[in-house]
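Summary of the model geometry
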Amino acid sequence: MAQVPIVTTWNDARAYLQMLKGTVAADVRPLLNVAGHAPFAICREVLSYIDHLGHLYSGPGQVGDRSREFIKQVMAKTDPNYGKRAVELYQMFRCGTVHEFEPKVLENKKGELLGWLCYKGLRVDSIESDGQKMPVVHLEPVVSTATGRHWLPVSTSCLIDDLMRSIEIFEKAAPENERVTAWNRAARDLNIPKPCDFIL
């Protein structure tokens, strides 16, 4: 992947963002055609892109904060459910798939559990669960009538499509001076070599 460039105008960022869209199309979208549609890999990759885009959108800061800000400010323009479920999406699918291999089950202060449910399908769809058809909407929690369990359905197809659209939205982001400043802070941060005591 190309080094993040320092930009003078917001238009200068376009080539890098276009390159990111190309890598999503070449590297992530083909995972939908893998047997079982590689849900963990897709979620892990998409949320890693969101981490990177959040850094470019916000400048340096805590990874979770800048990722959630990107989800709420940019991805929510593709589907308002991203704004409502940014925390759950990040905790469940970014932290879980990167650090613990699979998405995390979340527990709120009331002791209620929210499990993950990946599916390859439409934004509004129905899937087979617990031996029966269950209607699902991407990022809208559902309750299984068979088990009473709560799930957060995530369409891997929608994640990829919405990531692509969010990059396009980011390209048109304003105000320009704020975007250029945040971008350049992140570019400087990302281009600093990482200290590592290695031997050649």
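For the structure, check the block above.
Residues numbered from 1 in each chain as written. Predicted model: local features only at pLDDT ≥ 70, side-chain atom pairs only at ≥ 80, totals over all residues. Heavy atoms only, no water.

**Things to note about the overall build of the chain**
Along the chain, the regular secondary structure elements total seven helices and six strands. Listing the helices and strands of the chain from first to last along the sequence gives α-α-α-α-α-β-β-β-β-β-β-α-α. Compactness check: the chain gives a C-alpha radius of gyration of 18 Å against a globular reference of 16 Å for 200 residues, within 12% of the reference. Dimensions of the chain, computed from C-alpha atoms along their principal axes, come out at roughly 55 × 45 × 35 Å. Looking at the 200 residues of the chain, the share that counts as buried comes to 48%. Considering only intrachain contacts with a sequence separation of at least 6, the fraction spanning at least 24 residues in the chain is 58%. Accessible area of the chain: about 10,500 Å², with a carbon and sulfur share of 54%. Side chains of the chain carry 24 positive and 24 negative charges; the gap between the two charge centres is 3 Å. (Helix = DSSP H or I, 4+ residues; strand = E, 2+ residues; numbered from the N terminus. Rg over C-alpha atoms; globule rule 2.2 N^0.38 Å. Buried < 20%, exposed > 50% of the residue type's maximum accessible area, 1.4 Å probe, protein only. Contact = heavy atoms within 4.5 Å. Areas by Shrake-Rupley, 256 points an atom, 1.4 Å probe, with all protein chains shown as cover. Lys, Arg positive; Asp, Glu negative; His and termini not counted. Charge placed at Lys NZ, Arg CZ, Asp CG, Glu CD.)

**Comments concerning the nonpolar core**
Among the nonpolar cores identified, the biggest contains 47 residues, and V46, F93, F170 and W183 are the most heavily contacted of them. Mapped onto this core, the elements with two or more residues apiece are helix 1 (14-28), helix 2 (39-58), helix 3 (63-73), helix 5 (86-99), strand 2 (113-119), strand 6 (150-155), helix 6 (156-171) and helix 7 (176-190). Of all the elements, helix 2 adds the most residues to this core, at nine residues. Residue contacts for V46: discarding those within four places in its chain leaves V28, L159, I160 and L163. (Core = buried A, V, L, I, M, F, W, Y, C linked by side-chain atoms within 4.5 Å.)

**Points about unusual backbone geometry**
One non-glycine residue, A38, adopts positive backbone phi at about 40°. Residue A38 is classed as buried on the basis of its relative accessible area of 19%. Phi is positive for L139, close to 70°, though the residue is something other than glycine. Along the polypeptide, L139 turns up in the loop between strand 4 (132-137) and strand 5 (142-143). Its relative accessible area of 1% is what places L139 among the buried residues.

**Considering the sheet that holds strand 1 (residues 106-107)**
The strands that make up a sheet pair up through hydrogen bonds in the backbone, lying either parallel or antiparallel. Across the sheet, which stays open at both edges, the four strands sit in the order 1-2-6-5 with mixed pairing between neighbours. The open sheet has two edge strands with one neighbour each: strand 1 and strand 5. In the sheet, strand 5 pairs with strand 6 via two bridges, with the strands oriented antiparallel. Paired with V142 across the bridge in strand 6 is W151. Most of the contacts of helix 6 go to strand 6, to which it runs at about 55°, and overall it touches strand 2 and strand 6. (Pairing = 2+ DSSP bridges. Axes fitted to C-alpha atoms, helices over the stretch in contact; angles between N-to-C directions.)

**Points about the packing of helix 2 against helix 7**
Look at helix 2 against helix 7: their axes get within 5 Å of each other, and the N-to-C directions meet at 125°. Here helix 2 lies oblique to helix 7, going by the angle between them. Contacts between helix 2 and helix 7 involve H52, H55, L56, Y57 and S58 from the first element and R179, A182, W183, R185, A186, D189 and L190 from the second. When its residues are assigned to classes, the contact of helix 2 with helix 7 shows six nonpolar, three polar and three charged. (Parallel < 35°, antiparallel > 145°, perpendicular 65-115°, else oblique. Nonpolar A, V, L, I, M, F, W, Y, C, P; charged D, E, K, R; others polar.)

**Quick look at helix 1**
Relative to the 21 Å expected for 15 residues at 1.5 Å per residue, helix 1 spans 20 Å between its end C-alpha atoms, a close match to the ideal helical length. Listed as buried for helix 1 are Y16, L17, L20, K21, T23, V24 and V28. For helix 1, the angular spread of the buried residues around the axis is 160°, confining them to a single face. What points out from helix 1, more than 90 degrees from its buried face, is the exposed set A15 and A26. (Expected span 1.5 Å × (residues − 1). Arc of directions from axis to C-beta.)

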